[in-house]
2 protein chains.
Amino acid sequence: MTFLERLAARVEVVGTSLCLGVDPDPVALPAGFSQDIAGIERFAKLLIESAAPQAAAVKVNVAFFEAFGSGGIASLERVRAAVPSGVPFIADAKRGDIGSTAARQAVALFDALGADAMTASPYLGRDALEPFLALTDRLVYVLCRTSNAGASEIQDLMVAGEPLYLHVARRAAVWAEGQENVGLVVGATASAEMRAIRATAPDLPFLVPGVGAQGGDLEAATATGPATAGAAAAIRGGGLLVNVSRGIAAEARAADDPGAAVEAAARRWADTLRC
Amino acid sequence: MTFLERLAARVEVVGTSLCLGVDPDPVALPAGFSQDIAGIERFAKLLIESAAPQAAAVKVNVAFFEAFGSGGIASLERVRAAVPSGVPFIADAKRGDIGSTAARQAVALFDALGADAMTASPYLGRDALEPFLALTDRLVYVLCRTSNAGASEIQDLMVAGEPLYLHVARRAAVWAEGQENVGLVVGATASAEMRAIRATAPDLPFLVPGVGAQGGDLEAATATGPATAGAAAAIRGGGLLVNVSRGIAAEARAADDPGAAVEAAARRWADTLRC
């Protein structure tokens, strides 16, 4: 089964575009969770246990575990094992490198960690993504227009009359030809840009960060995020995944019962992102 | 001490621009080394023991350890501990992300792994590098013109009459203003591009991959690689580091004594890169 087929099956079950983001920052843990890798792991598992049942996918930002060295990665492996089967698992790692290195990155994320999809940078070009693209049962979300405040510094540079991010979208659409395993990362903080990217790449599935704590435009994301052509468009929700991390995790901070608070927040977000 | 000061001290000792690259691929290990993380670690330590005494710095590509999960990172931590003090240690990881994530990447590479410098992608813009740039005793090598065959696909796109990689060089020079902790990754496979980058960013130190197995132009690298202005230009060798990975490691494959073969190869490369 391709990633899109697995995502389609999951969205049929949950009926939402919600992607649960797991980015546990030690300084933002609820009271009662130790600010170390044990607390990080406990909170990540609580997020997955309480929110993943409502989500179409789970995205873990691996840096929050890498910060604790080998012990952090061991923890990440246990957290990944806690994701229910049937819920696509995305490793947000923003990789990409020359061929021999990218091949090992693919092993790290797809084999060792068991990710269904990953994020990657386009800066080195297609050949730096080749080992990921070769795995037609997985998917690569290519960074296109990111959600950070300074994204425009490089991504908005004009190339032959259009911004670089549109050129990247166009290249990614070429990389995806004949195989349905390329998507784009498009921040919800840039809704006009998202419309232009959707028009340029009608069939690429979007992974949309920046909703919630980053203040992205949720209505624009759900209106223009779904694919309008190809295999992704045929899926319920158009292959769109809207990531919510802090918007769910933060609900646990002031709660007497963090698990119940996370579950309620995930339910609200799943409803908001109903598809 | 800044990274450049530590590099300067090291280059005064060894008199070469050689950077030992440690990228141990399980399929390319010498006979007698198991094709697993134990063999990888043993070979990485042999490289460091036999070649680091001749080198100005050691660069490890973390993906070759990440491919083995938490056990691989534990191995990387032991390999890092085997690098002699006084030899700057570069984590080649090509990171960069939105602020809260980049902060954890900085902890992972600089604190948990103890790297003196790291590599990062420019695609997200300066704010995605801010947590690295804030550490003025470390250094960030920003990907500018990489050594892979497909580098031109994105990096050579024309922006306002100049290729994107020159624009990145120009931005990196701005990011470096008032602090000497930004360098550039410039592949030896693109010598004309390297000259243009050097003219655009005269004071940024270069980390140059692509020599040896990738067929880069060594003479061009040593001629145009050294900085021509600022603190890096004041260092012996102009802050240039030329990375050699497979060009040294491969010598061990057919040798009866892999350690002696690596030592001899490193000595030849150090002489070739004498400064």
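1. A closer look at the sheet that holds strand β5 (residues 139–145) of chain B
Residue and element names in this part refer to chain B. Taken in spatial order, the 8 strands line up as β1-β2-β3-β4-β5-β8-β9-β10 and close into a barrel, and their pairing is parallel. When strand polarity is set aside, the average angle formed by the axes of neighbouring strands in this sheet is 30 degrees. Of the pairings in the sheet, the one linking strand β2 (residues 57–61) to strand β3 (residues 89–95) comprises 4 bridges and is parallel in character. Following the sheet pairing, V60 is matched in β3 by A91.

2. Things to note about the nonpolar core
One finds A:A55 and B:A55 to be the most contacted residues of the largest nonpolar core, which totals 216 residues. Apart from the residues lying within four places of it in its own chain, the contact partners of B:A55 are B:V14, B:L18, B:C19, B:L20, B:V87, B:A266 and B:A270.

3. Digging into the interface of chain B and chain A
Many authors give the size of an interface as the accessible area that is lost as the parts come together. Contacts between chain B and chain A engage 51 residues on the former and 51 residues on the latter. Going through the elements one at a time, α3 (63–66), α4 (69–81), α5 (99–112), α7 (152–155), β6 (158–159) and α8 (164–175) of chain B are the ones with two or more residues in the side of chain B that touches chain A. Of all the elements, α5(B) adds the most residues to the side of chain B that touches chain A, at 8 residues. Among the residues making up the side of chain B that touches chain A, the classes are represented as 24 nonpolar, 16 polar and 11 charged.

4. A short note on the relation of the copies chain B and chain A
At an RMSD of 0.0 Å, chain B and chain A line up after a rotation of 180 degrees and a shift of 0.0 Å along the axis. Both chain copies can therefore be described as sitting about a two-fold axis. Counting the interface residues of chain B, we find that 100% of their copies in chain A are interface residues as well, pointing to one common contact surface.

5. A look at helix α9 (residues 191–200) of chain A
All names here are of chain A. Turning to α9, its buried residues number three or more, namely E193, M194, I197 and R198. Down the axis, α9 shows its buried residues gathered within 135 degrees of arc, on one side only. In α9, the exposed residues that point more than 90 degrees away from the buried face are A192 and A199.

6. Regarding the packing of helix α2 (residues 37–51) of chain B against α4(B)
All names here are of chain B. Following both chains from N to C, one finds α2 and α4 inclined at 15 degrees, their axes separated by 10 Å at the closest point. Judged on the interaxial angle alone, α4 and α2 are roughly parallel. Note on packing geometry: the crossing formed by α2 with α4 is right-handed. Two secondary-structure elements touch here, α2 through I37, I40, E41, A44, K45 and I48 and α4 through G71, G72, S75, R78 and V79. Considered class by class, the residues forming the contact of α2 with α4 number 5 nonpolar, 3 polar and 3 charged.

7. A short note on the environment of B:V142
Residues and elements named next belong to chain B. Relative to the helices and strands, V142 resides in strand β5. Each C-alpha atom, one on V142 and one on L207, is 9.3 Å from the other, the two residues being 65 residues apart in sequence. Residues contacting V142, with those up to four places away along its chain left out, are A120, P122, V168, A172, V182, L184 and V185.

8. Observations concerning helix α2 (residues 37–51) of chain A
All names here are of chain A. Over its 15 residues, α2 runs 20 Å from end to end, which matches the ideal 21 Å to within 8%, given 1.5 Å per residue. Of the residues making up α2, those classed as buried are I37, I40, E41, F43, A44, L46, L47, I48, S50 and A51. For α2, the elements touching its buried residues are β1 (18–22), β2 (57–61), α3 (63–66), α4 (69–81), α12 (246–249) and α13 (258–272).

9. Looking at the pairing of strand β10 (residues 241–244) of chain A
Residue and element names in this part refer to chain A. Here β10 shows a buried face lined by L241 and N243 and a second buried face lined by V242 and V244. Bridge analysis of β1 against β10 gives 3 bridges, and the strand direction is parallel. From the neighbouring strand, L18 faces β10, where its bridge partner is V242. In terms of strand pairing, strand β9 (residues 206–208) meets β10 through 2 bridges, oriented parallel. Across the sheet, V208 pairs through a bridge with V242, a residue of β10.

Rules used in this analysis
Residues numbered from 1 in each chain as written. Chains lettered and ligands numbered in written order. Predicted model: local features only at pLDDT ≥ 70, side-chain atom pairs only at ≥ 80, totals over all residues. Pairing = 2+ DSSP bridges. Helix = DSSP H or I, 4+ residues; strand = E, 2+ residues; numbered from the N terminus. Axes fitted to C-alpha atoms, helices over the stretch in contact; angles between N-to-C directions. Core = buried A, V, L, I, M, F, W, Y, C linked by C-beta atoms within 7 Å. Buried ≥ 20, exposed ≤ 12 C-beta atoms within 10 Å, placed from the backbone. Contact = placed C-beta atoms within 7 Å. Nonpolar A, V, L, I, M, F, W, Y, C, P; charged D, E, K, R; others polar. Least-squares fit on C-alpha atoms with pLDDT ≥ 70 in both. Arc of directions from axis to C-beta. Parallel < 35°, antiparallel > 145°, perpendicular 65-115°, else oblique. Left-handed = near helix turned anticlockwise from the far one by under 90°. Expected span 1.5 Å × (residues − 1).

In short, shape yes, function no, at least from these values alone.
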